[in-house]
Amino acid sequence: MSGQSISQHPLRVDTKERILPEPTEDTSRNLPRLAAVSLNVRLKLIKMADTVETKIQNYRTAPFDARFPNTNQTRNCYQNYLDFHRCTKALSAKDQDVAPCDWYQRVYKSLCPTSWVGRWDDQIEGGSFAGKI
């Protein structure tokens with residue numbers, strides 16, 4: 001936009017992220033430009049979806065989570081452990097694929113010590129786990 005304010009820009013974005021011409025402009029001469037812009041937006045969305053899938057496949061360690069900004073990641077570990085089991089329980093109850101829950105499992109396995117996870121798994125099996133699943 002280089003110095004132009006949003007109101008002076010010949011194109012505006014509505015609340016649904018569609019690019020629309022200003023109401024005072026002749027829209028017929030802008031159609032090729034609008035078509036190219038909407039194609040670019042669609043291509044960016046496709047690239048973003050590919051990027052998310054690639055990030056999940058290339059996952060190495062837990063990304064930053066704004067809910068847990070401190071160095072101590074104990075709560076992050078525990079929350080992702082709970083989220084994994086809640087997600088698995090909810091999707092299994094609906095007879096749906098539990099693959100979306102794999103993200104939580106990857107995060108808690110990268111953050112939590114294996115001794116904690118083993119103890120929590122034993123507590124779940126024994127019915128004495130303190131967390132609400």
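These notes cover the structure that comes with them. Along each chain, residue indices are assigned from 1 in the same order as the chain's sequence is written. Since the coordinates come from a predicted model, pLDDT governs what is reported: local features require at least 70, and pairs of side-chain atoms require 80 or more to be given and counted, while whole-chain, interface and lining totals use all residues. Processing note: side-chain calculations cover all non-hydrogen atoms of the structure and skip hydrogens and water entirely.

1. So, the environment of Val117
Under the scheme used here, helices are H or I runs from DSSP no shorter than 4 residues and strands are E runs no shorter than 2 residues, and both carry numbers assigned from the N terminus. Topologically, Val117 is positioned in helix H4 (residues 114-126). Contacts are assigned to residue pairs with any non-hydrogen atoms lying within 4.5 Å of each other. What Val117 contacts, discounting residues up to four positions off in sequence, is Tyr81, Tyr108 and Cys112.

2. Remarks on helix H2 (residues 74-93)
Relative to the 28 Å expected for 20 residues at 1.5 Å per residue, H2 spans 29 Å between its end C-alpha atoms, a close match to the ideal helical length. Phi for Asp95, located one or two positions after H2, is positive at around 55°. Helices are assigned an expected span. That span is 1.5 Å times one less than the residue count.

3. A closer look at the state of the cysteines
Every disulfide links exactly two cysteines, by a covalent bond between their sulfur atoms. In plain terms, two cysteine sulfur atoms within 2.5 Å form what is called a disulfide here. If you walk through the whole model with that rule in mind, you get two disulfides. Here Cys77 engages in a disulfide with Cys112; their sulfurs sit 1.8 Å apart. With the S-S bond torsion at 120°, the cross-link from Cys77 to Cys112 turns out right-handed. With Cys77 in helix H2 and Cys112 in the loop between helix H3 (102-111) and H4, this pair connects stretches of sequence that are 35 residues apart. Cys77 sits in the buried class, given a relative accessible area of 1%. Each sulfur of the disulfide joining Cys87 and Cys101 lies 2.0 Å from the other. The classification of residues rests on relative accessible area computed with a 1.4 Å probe and restricted to protein chains. Under 20% of the type maximum is buried, over 50% is exposed, and intermediate values are partly exposed.

4. A word on the packing of aromatic side chains
Any pair of Phe, Tyr and Trp rings, taking the six-membered ring for Trp, is counted once the centres come within 6.5 Å. Such a pair is stacked with planes under 30 degrees apart, edge-to-face with planes over 60 apart, and tilted for the rest. Tallied over the full model, the rule gives seven aromatic pairs. Consider the rings of Tyr78 and Trp120, whose centres lie 5.3 Å apart with planes at 70°: the pair is edge-to-face. Of this pair, Tyr78 sits in helix H2 while Trp120 sits in helix H4; the two residues are 42 residues apart in sequence, bridging distant segments of the chain. The class of Tyr78 is partly exposed, set by a relative accessible area of 29%. A centroid spacing of 5.0 Å and a plane angle of 80° characterise the contact between Tyr81 and Tyr108, whose relative ring orientation is edge-to-face. In this pair, Tyr81 sits in helix H2 while Tyr108 sits in helix H3, placing the two residues 27 residues apart along the sequence.

Bear in mind that shape data such as this cannot, by itself, settle questions of function.
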